[in-house]
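Coordinate analysis (summary)
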Amino acid sequence: MAADAGMVSEIDHFDRNILEVLSKDGRISVTELAERVGLSRTPCQIRMNRLIADGYIEGFTAIINLSMLQLEHIAFAEVKLSNTQEDALLKFNAAVRKIKEVEECHMIAGRFDYLLKIRTRDIRRYREVLGERISNLPYVASTSTNVAMETIKESASTGIVATLAPG
């Protein structure tokens, strides 16, 4: 369980390197991880366990080839709410988390309130999700859709962990 924000330990370049390596290969052995970051096995294991306990590492997952599952249609829906008071935002947030096709949801400072990344098998299924689920979320006033024609870069890892300056 993650520690409170005020109680989280400081991380150094070894910790950042551990995070960087794990973000690219979560199945790496502790021995191989230790070699790659320049530590012996036990200190590396202790650091990794601390990073997990402190909440820097939230879990490990497999990256699935979604095209093999015929889930290649990606649309980005801009959502404008009719009410942006805190209670309305909380209700929208809770409801959007329940839609499995919504891969990402970001609150935006701009001409609309939220940007949703939605993945479906095809445009027909997207239309159903938009019309039956997203448009019926609490306080949705309007939506606008942008369809991805081709994905150029998509990554579960940002590749910037080790380059971030401390603090």
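As a reminder, the structure under discussion sits directly above these lines.
None of these values were measured; they are calculated from a predicted model. (Residues numbered from 1 in each chain as written. Predicted model: local features only at pLDDT ≥ 70, side-chain atom pairs only at ≥ 80, totals over all residues. Heavy atoms only, no water.)

**Notes on the overall build of the protein**
Scanning the protein from terminus to terminus reveals five helices and four strands. Secondary structure elements of the protein occur, N-terminal to C-terminal, as α-α-α-β-α-β-β-α-β. If you take every contact in the protein between residues at least 6 apart in sequence, the share linking residues at least 24 apart comes to 68%. Approximately 11200 Å² of the protein is accessible, and the part contributed by carbon and sulfur atoms is 52%. (Helix = DSSP H or I, 4+ residues; strand = E, 2+ residues; numbered from the N terminus. Contact = heavy atoms within 4.5 Å. Areas by Shrake-Rupley, 256 points an atom, 1.4 Å probe, with all protein chains shown as cover.)

**Topic: the packing of aromatic side chains**
Counted under the stated rule, the structure contains one aromatic pair. Plain terms: the ring middles of Phe92 and Tyr114 are 4.3 Å apart, the flat faces sit at 35 degrees to each other, and that makes the pair tilted. Note that Phe92 is positioned in helix 4 (residues 86-96) and Tyr114 in strand 3 (residues 114-120), a separation of 22 residues in sequence. Look at Phe92 and you get buried, because its relative accessible area is 0%. (Phe/Tyr/Trp six-rings, centres within 6.5 Å; stacked < 30°, edge-to-face > 60°. Buried < 20%, exposed > 50% of the residue type's maximum accessible area, 1.4 Å probe, protein only.)

**Some details on the sheet that holds strand 2 (residues 102-107)**
Across the sheet, which stays open at both edges, the four strands sit in the order 2-3-1-4 with antiparallel pairing between neighbours. Either end of the sheet is taken by a strand with one partner, and the two such strands are strand 2 and strand 4 (140-147). Averaged over all neighbouring strand pairs, the angle between strand axes comes to 20 degrees, with direction disregarded. The pairing of strand 2 with strand 3 spans five bridges and is antiparallel. Counted as the bridge partner of His106 is Leu115 from strand 3. Strand contacts of helix 4: strand 1 (73-81), strand 2, strand 3 and strand 4, with the helix running at about 10 degrees to strand 3, the strand carrying the most contacts. Of the strands in this sheet, strand 1, strand 2, strand 3 and strand 4 are in contact with helix 5 (residues 123-134), which crosses strand 3 at around 135 degrees. (Pairing = 2+ DSSP bridges. Axes fitted to C-alpha atoms, helices over the stretch in contact; angles between N-to-C directions.)

**A short note on the environment of Leu81**
Mapping Leu81 onto the fold places it in strand 1. When the C-alpha positions of Leu81 and Phe92 are compared, they lie 8.9 Å apart, and in sequence the two are 11 residues distant. For Leu81, the contacting residues outside a window of four places in its chain are Leu89, Phe92, Asp113, Tyr114, Pro138, Tyr139, Val140 and Ala141.

**Observations regarding a nonpolar patch on the surface**
Where nonpolar side chains cluster on the molecular surface, the patch consists of Ile64, Met68 and Leu69 and spans about 360 Å² of accessible area. By secondary structure assignment, the location of Leu69 is in the loop between helix 3 (41-53) and strand 1. Residue Leu69 is classed as exposed on the basis of its relative accessible area, which comes to 53%. (Patch = residues over 30% accessible without salt bridge, like charges linked within 9 Å, V, L, I, M, F, W, Y side chains within 5 Å. Salt bridge = Lys/Arg side-chain N within 4 Å of Asp/Glu carboxyl O.)

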